[in-house]
Amino acid sequence: MTSNILRLLVLLPLFLVLFITERTGSSPQRPLPNPVLYLTGIETHQEGPKQFIRYHYDVFNKDAYPADFFAPSPSLPPCGKNTKAARTWVDIYDQKGNRLNGFCALSKPADLSNIWFAVEVGTAPPSWVYIELTDRQTNTKYKSNLAETVE
């Protein structure tokens, strides 16, 4: 009889922890994946007297990111004069880590299908690029694969 009481006293805290965890639903959230970047097209673009070549990209797994990832975040630092910049910013880098372009006002995961950078006509583009998604709320970065700049 005494050994049964001792077993019960030892197991009771374990059962309580399991019960509380199950009732509160505190299960670990699945981590978000790194973005999978790919080239969708190249076009010429005129800005004033200069001509540029724009390299357009999409993120294959953009649907894996929640909508609130791109919610306006006025409590976070602004992007220039934009005081309601998105929670998550997207930056495009060449293979050496030089920043080529950035987006601070994407409003939904689907907007990841139209990110781009440009180089002036006559300038050699980088061979490879990657993006980083920076979740400014959690200070977490998600780095993509290297994607080509050739169709």
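Here the structure is shown first, and the text comes after it.
In this text, all values refer to a predicted model and were calculated from it rather than measured experimentally.

1. Some words on the overall build of the chain
Item 1. Helix and strand counts for the chain stand at one helix and eight strands.
Item 2. The proportion of buried residues among the 151 residues of the chain is 33%.
Item 3. Partitioning the contacts of the chain with sequence separation of at least 6, the portion at a separation of at least 24 is 54%.
Item 4. Carbon and sulfur atoms form 58% of the exposed surface of the chain, whose accessible area is close to 10,000 Å².

2. Comments concerning the packing of aromatic side chains
Item 1. What the rule picks out here adds up to eight aromatic pairs.
Item 2. Seen from their ring centres, Tyr-65 and Phe-69 are 5.4 Å apart, and the 20 degrees between their planes marks the pair as stacked.
Item 3. Judged by its relative accessible area of 3%, Tyr-65 is buried.
Item 4. Since its relative accessible area comes to 1%, Phe-69 is described here as buried.
Item 5. Relative to Trp-116, the ring of Phe-103 lies with its centre 6.1 Å away and its plane at 80 degrees, an arrangement referred to as edge-to-face. Pair noted here: Phe-103 is in strand S4 (residues 99-103) and Trp-116 is in strand S5 (residues 115-120), with a separation of 13 residues, a long-range link.

3. Quick word on the state of the cysteines
Item 1. The tally for this structure, following the rule as stated, stands at one disulfide.
Item 2. Here Cys-79 engages in a disulfide with Cys-104; their sulfurs sit 2.0 Å apart. Residues Cys-79 and Cys-104 are joined through a disulfide that is left-handed, its torsion about the S-S bond being -80 degrees. Of the two residues, Cys-79 sits in the loop between strand S2 (50-59) and strand S3 (88-94) while Cys-104 sits in the loop between S4 and S5, which places them 25 residues apart along the sequence.
Item 3. We classify Cys-104 as buried; its relative accessible area is 15%.

Analysis parameters
- Residues numbered from 1 in each chain as written.
- Predicted model: local features only at pLDDT ≥ 70, side-chain atom pairs only at ≥ 80, totals over all residues.
- Heavy atoms only, no water.
- Helix = DSSP H or I, 4+ residues; strand = E, 2+ residues; numbered from the N terminus.
- Buried < 20%, exposed > 50% of the residue type's maximum accessible area, 1.4 Å probe, protein only.
- Contact = heavy atoms within 4.5 Å.
- Areas by Shrake-Rupley, 256 points an atom, 1.4 Å probe, with all protein chains shown as cover.
- Phe/Tyr/Trp six-rings, centres within 6.5 Å; stacked < 30°, edge-to-face > 60°.
- Disulfide = S-S within 2.5 Å.

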